[in-house]
Amino acid sequence: MTQKTAIILGATGLTGSLLLKTLLKDNRYNKIKLFSRKTVGIKDQKLQEHLIDLLKLSDYVSDFMADEVFCCIGTTKAKTPDKSLYEKIDFGIPVSAAELCKKNTIGTFIVISALGASAESRVFYNKIKGQMENVVVSMEIPKTHILQPALIGGYREEKRPAEWLAKKAFLILNNGLLGPYRKYRSINPQSIASCMVWLANNTYESVRIPSDQIVKLGSIKN
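Right, let's walk through the structure included here. (Residues numbered from 1 in each chain as written. Predicted model: local features only at pLDDT ≥ 70, side-chain atom pairs only at ≥ 80, totals over all residues. Heavy atoms only, no water.)

### Observations regarding unusual backbone geometry
Most peptide bonds are trans, and most residues other than glycine sit at a negative phi.
Reasoning step 1: Positive phi, close to 50 degrees, is recorded for threonine 105, a residue that is not glycine.
Reasoning step 2: If you trace the backbone, threonine 105 turns up in the loop between helix H2 (83–103) and strand S5 (108–112).
Reasoning step 3: Look at threonine 105 and you get exposed, because its relative accessible area is 70%.
Reasoning step 4: Look at glutamate 140: it is not a glycine, yet its phi comes out positive at around 55 degrees. (Helix = DSSP H or I, 4+ residues; strand = E, 2+ residues; numbered from the N terminus. Buried < 20%, exposed > 50% of the residue type's maximum accessible area, 1.4 Å probe, protein only.)

### Let's talk about helix H6 (residues 211–218)
Reasoning step 1: For H6, the full list of buried residues reads Ser211, Ile214, Leu217 and Gly218. Projected down its long axis, H6 carries its buried residues within an arc of 120 degrees, all on one side.
Reasoning step 2: Packed against the buried residues of H6 are strand S6 (143–148), helix H5 (189–200) and strand S7 (208–210). (Arc of directions from axis to C-beta. Contact = heavy atoms within 4.5 Å.)

### With respect to the pattern of salt bridges
Reasoning step 1: Inspection of every chain in the model, using the stated rule, returns 4 salt bridges.
Reasoning step 2: One salt bridge in this structure joins glutamate 68 and lysine 4, with 2.4 Å as the shortest N-O distance. On the criterion of sequence distance, the pair formed by glutamate 68 in strand S4 (residues 68–71) and lysine 4 in strand S1 (residues 4–9) is long-range, its members being 64 residues apart.
Reasoning step 3: Looking at glutamate 68, the relative accessible area reads 3%, which means it is buried.
Reasoning step 4: With a shortest N-O distance of 2.7 Å, arginine 208 and glutamate 133 are connected by a salt bridge. Of this pair, arginine 208 sits in strand S7 while glutamate 133 is found in helix H3 (residues 124–138), placing the two residues 75 residues apart along the sequence.
Reasoning step 5: Classification of arginine 208 as partly exposed rests on a relative accessible area of 35%.
Reasoning step 6: Exposure remark for glutamate 133: the relative accessible area of 2% places this residue in the buried category. (Salt bridge = Lys/Arg side-chain N within 4 Å of Asp/Glu carboxyl O.)

What follows is the structure, given as structure tokens:
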């Protein structure tokens, strides 16, 4: 079995950290490169960390070599109130990563966006995500998948009171969201991580994948 090299952007985040743990246990991968601001604090022979300023990712073209790229980058209005910086993170970093994939002929790019993402949205967050999606798709990387999760559950170290309340509410609301509304249910971050790995190792036609479909694919044994 040919072993692969994967790149993860955002491995210190909630979903990215779970993705990293999943790939470290996966025998299909013998090297995992991390590009991030800070170390994940894990010692493993598979792991190769590049501690950089992600806003200058394009400067690292020679290091950005792999079979697959997983982009788990994302911020929030509370964490990044400056809209200009917000755009540089949520739009700029994923687009720079996709550009490096194109330049280095990396055939697989899987990125986390958000449910409701649309370049025509009046909501700034959704608009930026939608614009990012459109640019990534336009690059025509052979195996491109854009995940659109609903509210992501799980524990975060930083305090997000509004998000915490929303998660509590969705514990009750989820069971009432049926049929076409299932995609609005809150989603476990491990489902997203598992879905990303499944997509990287299987053929799947859809580029944009809504939250309920992420759950289904994430439940399939890799």
